[in-house]
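Chain by chain, the residues:
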Amino acid sequence: MFPSGLMKPPRGKLPLPIIIITICVFLFIAILYAERLSFLSSRSIFKFKPCPRKNTKPKSSDIKVEEEIVNASWIDDRFDFDQEECNVANGKWVFNHSIKPLYSDTSCPYVDRQFSCVKNGRMDSDYRHWEWQPEDCTLPSFNPELALKKLQGKRLLFVGDSLQRNQWESFVCLVEWIIPQKQKSMKRGIVHSVFKAKAYNATIEFYWAPYLVESNTDINIIGDTKKRIIKVDGIAERAKNWTGVDILVFNTYVWWMSGIRIKSLWGSFANGEEGYEEFDTPIAYKLALKTWANWVDSTINPNKTRVFFTTMSPTHTRSQDWGNMEGTKCFNETKPVKKKKHWGTGSDKRMMSVVAKVVKKMKVPVTFINITQISEYRIDGHSSVYTETGGKLLTEEERADPQNADCIHWCLPGVPDTWNQILLAML
């Protein structure tokens, strides 16, 4: 019996303070557990995508982690280039003075005088410090060690014109400086040149074939373009040198742009050169590319050889294209065009369409190295008057004449290094 003055506590019920304390403890534990899950989730490397979709906006914590991963030395080898997810051609050039080219035209002994702008007297240097930044993805920097590992035991062959030689020399210079002198060699030829990385049992080669198919001017060059005749169905004599290669990179464009109509021939030159027909350039181009495509489809084993095609390198011979009404060609241009999607008269979309349609019907997969749009902006990157003509450097007087500017080829180091940065990402 309790004293009459005291209330009897209810049975089975806890005091209110104990209930409140218990609830607080449970809430505290729940919050800690949720925070732990959130932390683990945000740090997961499986959420990282080198090429996120444009409409994806990662959280700030994700961005920090992704930056750490991108800066890791192993990520270049794991870069998954997906052209549907990541359009490398869609982006902008960003100036970054801290960027240092991996070589110079004085440190790399393999740069032709035609592309050696600094050695030839070019004083401005900003053109060497522009970095291409795609909107949809992170493009890995060119890693020479990674490139040579990917090429170990392989042959890489660039086939095409002098712009393809521009790209080939760029690739060689990007990797050769890390190879000891006794472990590398270069053998130059009029048609076929071979750089050997002996320690990697790899070769980086160039084969001169400006039309890909045969002509009467690709070996002994005929200056008068009206006398040039292209054998649009002939490729075997050149292509026999392209077999047994692991990676083939083709191009052909600028030599086709010498006139409105092209003299085309079927059969052998031994039968006489009078049997030619004249075609509009896109038609002759299509006939030649079909011959090339048939050779690739009938000869190349896609399980052993990868095939690339470098799209047309733009020429910048009309300054009005980018709004410089008082200028002449690319003479004295020192900055890229800023206008988004700039497209000048030096890139023929009809020709690009021909390549796309021919490649689409091929059995062997061909990957495009889409350099056209990114190079369209770079009116500042050409050899301009810092080059040679007829085997001789331009004199001071000749350099002062804007008409002598070479607005077709590119300085090295320069724009072709970015082409090879894309190529390596796709390897």
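Bear in mind the structure is a predicted one, so any value in this text is a computation, not a measurement. (Residues numbered from 1 in each chain as written. Predicted model: local features only at pLDDT ≥ 70, side-chain atom pairs only at ≥ 80, totals over all residues. Heavy atoms only, no water.)

**Concerning the packing of aromatic side chains**
Two measures describe an aromatic ring pair: the distance that separates the ring centres and the angle between the ring planes.
Part 1 of the reasoning: Counted by the stated rule, this structure contains 19 aromatic pairs.
Part 2 of the reasoning: Between F250 and W292 the ring centres are 5.4 Å apart and the planes differ by 75 degrees, which places this aromatic pair in the edge-to-face class. Note that F250 is positioned in strand β9 (residues 247-250) and W292 in helix α6 (residues 281-299), a separation of 42 residues in sequence.
Part 3 of the reasoning: R228 extends its terminal NZ or CZ atom over the ring of W255, reaching a point 4.7 Å from the ring centre.
Part 4 of the reasoning: Residue placement shows K349 over the ring face of W343; its charged tip is 4.8 Å from the ring centre. (Phe/Tyr/Trp six-rings, centres within 6.5 Å; stacked < 30°, edge-to-face > 60°. Helix = DSSP H or I, 4+ residues; strand = E, 2+ residues; numbered from the N terminus. Lys NZ or Arg CZ within 6 Å of the ring centre and 35° of its normal.)

**Regarding the sheet that holds strand β4 (residues 184-187)**
Part 1 of the reasoning: One open sheet holds the seven strands; their spatial order is β4-β5-β6-β3-β9-β12-β13, and the pairing between them is mixed. A strand with exactly one partner marks an edge of an open sheet, and here the two such strands are β4 and β13 (366-369). Within this sheet the neighbouring strands show an average axis-to-axis angle of 15 degrees, counted without direction.
Part 2 of the reasoning: For strand β12 (residues 306-310) and β13, the ladder comprises four bridges, and the chain directions are parallel. Bridge assignment links T310 to a residue of β13, and that residue is I369. (Pairing = 2+ DSSP bridges. Axes fitted to C-alpha atoms, helices over the stretch in contact; angles between N-to-C directions.)

**A look at the sheet that holds strand β11 (residues 277-280)**
Part 1 of the reasoning: Sheet architecture is open: four strands sit in the order β7-β8-β10-β11, paired in mixed fashion. Each edge of the open sheet is held by one strand with a lone partner, namely β7 (214-215) and β11.
Part 2 of the reasoning: As paired elements, strand β8 (residues 229-231) and strand β10 (residues 261-265) share three bridges and run parallel to each other. Of the residues in β10, the one forming a bridge with K231 is L265.
Part 3 of the reasoning: Sheet contacts for α6: β10 and β11; angle to β11, the most-contacted strand, approximately 105 degrees. (Contact = heavy atoms within 4.5 Å.)

**Details of the confidence of the model for the protein**
Part 1 of the reasoning: For the protein, the mean per-residue pLDDT works out to 85, and 79% of the residues sit at or above 70.
Part 2 of the reasoning: Scored below 50 in pLDDT, residues 1-12 makes one contact in the model with residues more than four places away or belonging to other chains. (pLDDT = per-residue confidence, 0-100.)

**Quick look at the pairing of β9**
The side chains of a regular strand alternate, first on one face of the sheet and then on the other.
Part 1 of the reasoning: Of the two faces of β9, the one lined by I247 and V249 and the one lined by L248 and F250 are each fully buried.
Part 2 of the reasoning: In terms of strand pairing, strand β3 (residues 155-160) meets β9 through four bridges, oriented parallel. Note that in β9 the partner of L157 across the bridge is L248.
Part 3 of the reasoning: Looking at chain direction, β9 and β12 are connected through four bridges and run parallel. Along β12, the bridge assignment pairs L248 with V307. (Buried < 20%, exposed > 50% of the residue type's maximum accessible area, 1.4 Å probe, protein only.)

**Focus on the side chain of N120**
Part 1 of the reasoning: As for its placement among the helices and strands, N120 is situated in the loop between β1 (91-95) and β2 (130-134).
Part 2 of the reasoning: Residues in contact with N120, not counting those within four places in the same chain, are R113, Y386, T387, L393 and R399.

**Observations concerning the state of the cysteines**
Part 1 of the reasoning: Under the definition given, this model contains three disulfides.
Part 2 of the reasoning: Two residues, C108 and C173, share a disulfide whose sulfurs are 2.0 Å apart. Here the disulfide of C108 and C173 is left-handed, its torsion about the S-S bond being about -75 degrees. Here C173 lies in helix α4 (residues 162-176) and C108 lies in the loop between β1 and β2, a separation of 65 residues in the sequence. Both residues of the pair, C108 and C173, count as buried. (Disulfide = S-S within 2.5 Å.)

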